[in-house]
Amino acid sequence: MDTMLETLLPTVVVGILVVVVLWRLGKHMLGSNDATQPGGDPEMGWMSRLALGAAVIGLTIGAAVFSSFGIDQIRRQRDLERVPRTEVVAALTGEINLVGSAVEDPATGVVIAPRTGTPCLYFHYTVEKKTKDSEGKTKWSTIERQEQWAPTFQLVDDSGSITIRPSDADHFHTTNRDHLETVGDLRYREWRIDPGQRVFLFGFAQVDAEGQGSVGFSEPGRYTPMISEGNELAERRSMAVGAVFLCWAALASLSFAVFFGCWMARLHQTPFYLALIATLMIGGLTYCGLRMMHADLTGARDRLHRVRSSAREAVTDLLNHRRIRWDGDWSNLGRFDDSSVFASLDDRERRRLTRIRIDLARAVLRTNSIRDRFPERMLAPFWGIHREPTIGLPEADQATLAQLDGEFEVARLSPGLTGIASPVALVIAIVGSWFGLKKIKEKRYIENVPTSPTTGVAVGFTEIMGTIVPTETGTTLSGPLSNRPCAQFHYTVQERRGSGKNAKWVTIEDRKERIPFLCQDDHGHLLVLPEGAEILTRHQDSSRSGKLRYSETRLEIGDPLYALGTATIEPVEMASLRLERGDERSLPYVLSNYSESTLMHRKARVGQFWITTAVDALILPTLLIFGLYGSFQATDFLAATLVAIGYFVLAVTILLFNDLVFLRNRVQRAWHNIEVSLKKRADLVPNLQQVVQSYLAHERGAQEELALMRQAYGGGAMLDLTHATEMLTAERSLLDRIIGLREAAPDLKADQLTGDLMRRLTLLENEIALMRQGYNDAVERYNTRIAHVPEVLLAVIFRFTEASYFQAPVEVHETPRLDFSTGSA
């Protein structure tokens, strides 16, 4: 508990500081973002920020609790590893690790198992009743539970026996069920430790000078009280599994604390987000790792000093009892089977002394091995921990020590656990990375593509903003639930089926309708085809009637519109553009009545959630692999965070590289659009000029002949037949020309034709001007990005060169000269 409090208090402080810092940083980077202001996020009121801040603090506290329990599990495993298994005859006061047969203590007897009536030293008994829920599913509920144990029993090995004094049911670890019986709707189960059963225990021994004593489980010390029908290795493996998952849960809690903190502060920059996660993970694990190493080193040293003191006291008392002098120097003891010095010792006393010295030598070796690891050997001097002097052993005892150490097995995680959990975690990491990077890529499209006016949209990927208005036909939809005029709705009806915990909502109707509409801005309007678009809307209505629940989302007529999609040429008249989902499915198509800023943060939020899940999922197999090789050092857990760093570097590199490729392609596409517009102007204007010149010449000739004819008639002169015939012929010819001109273009007049020419010229010039502006905007954004850090590094490595602004030195870029003189016709 003290360890948890030591971790919890600073972590709570850190959590609060993280909330404050992220909040202030978000306000500094984004400015005020009140929901009432234009572009503000309506979902981010003070209540939302309060809830997110509470989530950050709660998850930070959770990370502290998980890490504290994880470190405690590792400490318990280390304590068990540091206490070598010994024999009953070599028991010393202090922590003890024993294996033997549990037998009845005649003074206290046994307990009787309730169902089987079996005499035992401990039993755990349950009675369960079978019940059925409303859907007919069967479940078992515990209606009775009992636990009981003998006040004392004996642990016997081939060296002797010692009294065991259990004091709590939690000290017993039974893994194998001894009895299972089902009678009607009742099920009876028993777990027992029977007399004669082999058990492993870890407790605190109280031993007198003659080596007689008992083992209890409530005395203070560095041990985990346990009486297990398993073995030491199984218990250490169980502790290791718990430590791995607890430490992983701490890292996951910390990473999601960062996620909610960035959500609260509206920080959407993915490189900053990943860098923050990696930094906090490394910082948190460094702190926990240092504490773990310090506890490991000091625990090993303190335990060795206690063992050394107890061993010296026990050996001194035993030798003094046999009137054998000893100066306390272990190297002067020699061999205990030496008849000249230790002739007065019996076999039990020789075995006790020999095993005490071997156990002490093993404790020294384990303590020094912990200190000599990296980086413990570099930090130990700063903590005042030095190498312990070794215990000299006779050759025979050295062989026994080597044999005992050879029997020691490092606790390794089960290959089955690692083989199942790791692939599942890797699949989650891959799926999370794919979804996360996809959403982040969409967010960066929103961020990188500039908004175009509806009249300045060019063919290709574009972004527009305006207002939703009906098309010229005035057609609209009506929301089934709201009865509001709209251009799109999604309507669902769900029915609640079942009851209690098994109740669920089943969709019985799911209807989507959408029609084309116009996006209108200050410059004009553009046709939008909503088919295949991702619709994100703030209009969400729901109601409930009995067991039915109705819900509706919609885009209303008159809503503000943000649209990101592909502009294509209208295929019939090919005279206008429209917005739709393009053939390139990798490009998003988004229609929304949220602001651009809100959409960007929503996309970033979803992407960051999946990326956080992916990072956490990648760390778990790393920890499991370390555990598979039996490595549970603090440095191993710290090394696992390198996964977060590697993921951060890889993800940021992919995102920035894709950004640069997109921006470069956008510059190239904008330039090609300018070339197309200029070529269209170069080809169209001369043709229009020629048509106008031909018509003007045609009209001028007809008017001159008609004037001559009128002058002739108006002069009042008498015409002869020949002259009259010529006049009639000329008149007939002029009339035919006029009739032919009227039949060819009945509504065409010179002023209208020249006006139409000027209008087309103006539209062409406006189109080219918008194209030039779009190109220069694309160049400016591209050049700015490749000059920023860290994009400049990628630009150098992958040869992203600076683009030039618009220049038009070639002939096709020159505006054609117009000449309407009849001579040029």
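All figures in this text were calculated on a predicted structure; none of them were measured in a lab. (Residues numbered from 1 in each chain as written. Predicted model: local features only at pLDDT ≥ 70, side-chain atom pairs only at ≥ 80, totals over all residues. Heavy atoms only, no water.)

Trainee: Just to check I follow, could you spell out empty space enclosed by the protein for this structure?
Mentor: Empty pockets left among the atoms are what a rolling probe the size of a water molecule brings to light. Going through the model one piece at a time under the given rule, you end up with four cavities of 30 Å³ or more. What the largest cavity holds in volume is close to 60 Å³. At four residues, helix 10 (residues 596-628) tops the list of elements feeding residues into the lining of the largest cavity. Among the residues making up the lining of the largest cavity, the classes are represented as four nonpolar, three polar and three charged. (1 Å grid on protein atoms, 1.4 Å probe; cavity = no way out; pocket = protein on both sides within 12 Å on 5 of 7 lines; lining within 4 Å. Points joined across faces, edges and corners; volume = space filled by probe spheres on them. Helix = DSSP H or I, 4+ residues; strand = E, 2+ residues; numbered from the N terminus. Nonpolar A, V, L, I, M, F, W, Y, C, P; charged D, E, K, R; others polar.)

Trainee: Even after reading the chapter, I still don't get unusual backbone geometry, so can you show me in this structure?
Mentor: As a rule of thumb, non-glycine residues mostly have phi less than zero, and peptide bonds are mostly trans rather than cis. Along the chain, phenylalanine 374 connects to proline 375 via a cis peptide bond; the corresponding omega equals 5°. Relative to the elements of secondary structure, proline 375 occurs in the loop between helix 6 (347-371) and helix 7 (376-379). Backbone geometry at arginine 323 places phi at a positive 55°, although glycine is not the residue there. Its location among the elements puts arginine 323 in the loop between helix 4 (270-321) and helix 5 (339-342). Here asparagine 483, not a glycine, exhibits a phi torsion of approximately 60°, which is positive. Its place among the elements puts asparagine 483 in the loop between strand 15 (477-478) and strand 16 (485-497).

Trainee: What should I look at first to understand the pattern of salt bridges in this one?
Mentor: It is possible for side chains bearing opposite charge to pair when their charged atoms get close. One pass over the full model with this rule turns up 46 salt bridges. A salt bridge links arginine 236 to glutamate 81; its shortest N-O distance comes to 3.8 Å. In this pair, arginine 236 is assigned in helix 3 (residues 232-265) and glutamate 81 in helix 2 (residues 46-82), connecting sequence segments 155 residues apart. Across the pair, exposure class does not vary: arginine 236 and glutamate 81 are buried alike. Among the ionic pairs, aspartate 541 bridges to arginine 554, the shortest N-O distance being 2.9 Å. A residue pair is termed long-range when its members are at least 10 positions apart, and aspartate 541 in strand 21 (residues 539-545) and arginine 554 in strand 22 (residues 548-556) qualify at 13 residues. (Salt bridge = Lys/Arg side-chain N within 4 Å of Asp/Glu carboxyl O. Buried < 20%, exposed > 50% of the residue type's maximum accessible area, 1.4 Å probe, protein only.)

Trainee: How do you make sense of the side chain of aspartate 397 when you look at a structure like this?
Mentor: Within the secondary structure, aspartate 397 is located in helix 8 (residues 395-407). Apart from residues lying up to four places away in sequence, aspartate 397 is in contact with Thr354, Arg357 and Ile358. (Contact = heavy atoms within 4.5 Å.)

Trainee: So what exactly am I meant to see when it comes to a nonpolar patch on the surface here?
Mentor: Residues Val427, Val431, Trp434 and Phe435 make up a contiguous nonpolar surface patch of about 380 Å² in total accessible area. By the secondary structure assignment, valine 431 is in helix 9 (residues 415-448). Looking at valine 431, the relative accessible area reads 35%, which means it is partly exposed. (Patch = residues over 30% accessible without salt bridge, like charges linked within 9 Å, V, L, I, M, F, W, Y side chains within 5 Å. Areas by Shrake-Rupley, 256 points an atom, 1.4 Å probe, with all protein chains shown as cover.)

Trainee: Can you walk me through the environment of proline 470 in this structure?
Mentor: Along the polypeptide, proline 470 turns up in the loop between strand 14 (460-469) and strand 15. The spatial distance from the C-alpha of proline 470 to the C-alpha of leucine 518 is 5.9 Å, given a sequence separation of 48 residues. Setting aside chain neighbours within four positions, we find proline 470 in contact with Thr475, Thr476, Leu518 and Ile557.

Trainee: When you look at the packing of aromatic side chains in this model, what are you seeing that I'm missing?
Mentor: Geometrically, a pair of aromatic rings is defined through the distance of the ring centres and the angle of the planes. For the structure shown, the criterion picks out 17 aromatic pairs. Judged by centre distance (4.1 Å) and plane angle (5°), the rings of tyrosine 122 and phenylalanine 172 are stacked. Highlighted residues: tyrosine 122 in strand 4 (residues 122-132) and phenylalanine 172 in strand 8 (residues 172-173), separated in sequence by 50 residues. Grouping residues by exposure puts tyrosine 122 and phenylalanine 172 together as buried. On the basis of an interplanar angle of 85° and a centroid distance of 5.0 Å, the ring pair of tryptophan 434 and phenylalanine 435 is categorised as edge-to-face. For tryptophan 434, a relative accessible area of 54% translates into the label exposed. Of the residues examined, phenylalanine 435 reaches a relative accessible area of 35% and is grouped as partly exposed. (Phe/Tyr/Trp six-rings, centres within 6.5 Å; stacked < 30°, edge-to-face > 60°.)

Trainee: Any chance you could explain the confidence of the model for the protein chain here in plain terms?
Mentor: The predicted coordinates should not be examined in detail at positions where pLDDT is low. Chain-level statistics for the protein chain give a pLDDT mean of 80 and a share of 78% at 70 or above. Counted against residues more than four places away or in other chains, residues 1-9, with its pLDDT under 50, gives 14 contacts. The low-confidence segment residues 727-732, where pLDDT is below 50, has seven contacts with residues more than four positions distant or belonging to other chains. (pLDDT = per-residue confidence, 0-100.)

Trainee: What should I look at first to understand the packing of helix 6 against helix 8 in this one?
Mentor: How two helices sit against one another is set out by the angle between their axes and by the gap between those axes. Following both chains from N to C, one finds helix 6 and helix 8 inclined at 60°, their axes separated by 10 Å at the closest point. As judged from the angle between their axes, helix 6 and helix 8 are oblique. In this structure, the crossing between helix 6 and helix 8 has a hand that is right-handed. Where helix 6 approaches helix 8, its residues Thr354, Arg355, Arg357, Ile358, Ala361, Arg362, Leu365 and Arg366 are matched on the opposing element by Asp397, Thr400, Leu401, Leu404 and Asp405. Along the lines of polarity and charge, the residues of the contact of helix 6 with helix 8 split into five nonpolar, two polar and six charged. (Axes fitted to C-alpha atoms, helices over the stretch in contact; angles between N-to-C directions. Parallel < 35°, antiparallel > 145°, perpendicular 65-115°, else oblique. Left-handed = near helix turned anticlockwise from the far one by under 90°.)

Trainee: Would you take a moment to explain helix 8 for this structure?
Mentor: For the α-helix, the turn length of 3.6 residues means that residues three or four positions removed from each other point alike. Here helix 8 spans 19 Å end to end across 13 residues, near enough to the 18 Å set by a 1.5 Å rise per residue. Residues of helix 8 that are buried: Asp397, Leu401 and Leu404. The buried residues of helix 8 occupy an angular sector of 65° when projected down its axis, which confines them to one face. Residues Glu395, Gln403 and Gly406 are exposed on helix 8 and point more than 90 degrees away from its buried face. Looking at the buried residues of helix 8, the elements they touch are helix 6. (Expected span 1.5 Å × (residues − 1). Arc of directions from axis to C-beta.)

Trainee: For this particular structure, what's the right way to read the pairing of strand 22?
Mentor: Look at any regular strand and the pattern is simple: side chains alternate between the two faces of the sheet. Where strand 16 meets strand 22, nine bridges bridge the pair, whose relative direction is antiparallel. Pairing of valine 493 across the sheet is with tyrosine 550, part of strand 22. The loop that links strand 21 with its antiparallel partner strand 22 comprises two residues; one of these, glycine 546, has a positive phi angle of about 65°. (Pairing = 2+ DSSP bridges.)

Trainee: Looking at this structure, how should I read the packing of helix 4 against helix 10?
Mentor: Contact geometry of helix 4 with helix 10 gives a least axis separation of 11 Å together with a crossing angle of 35°. The handedness of the crossing between helix 4 and helix 10 comes out as right-handed. Along the contact surface, helix 4 presents Thr270, Tyr273, Leu274, Ile277 and Met281, while helix 10 presents Gln608, Ile611, Thr612, Val615, Asp616 and Ile619. Within the contact of helix 4 with helix 10, the residues separate by chemical class into seven nonpolar, three polar and one charged.

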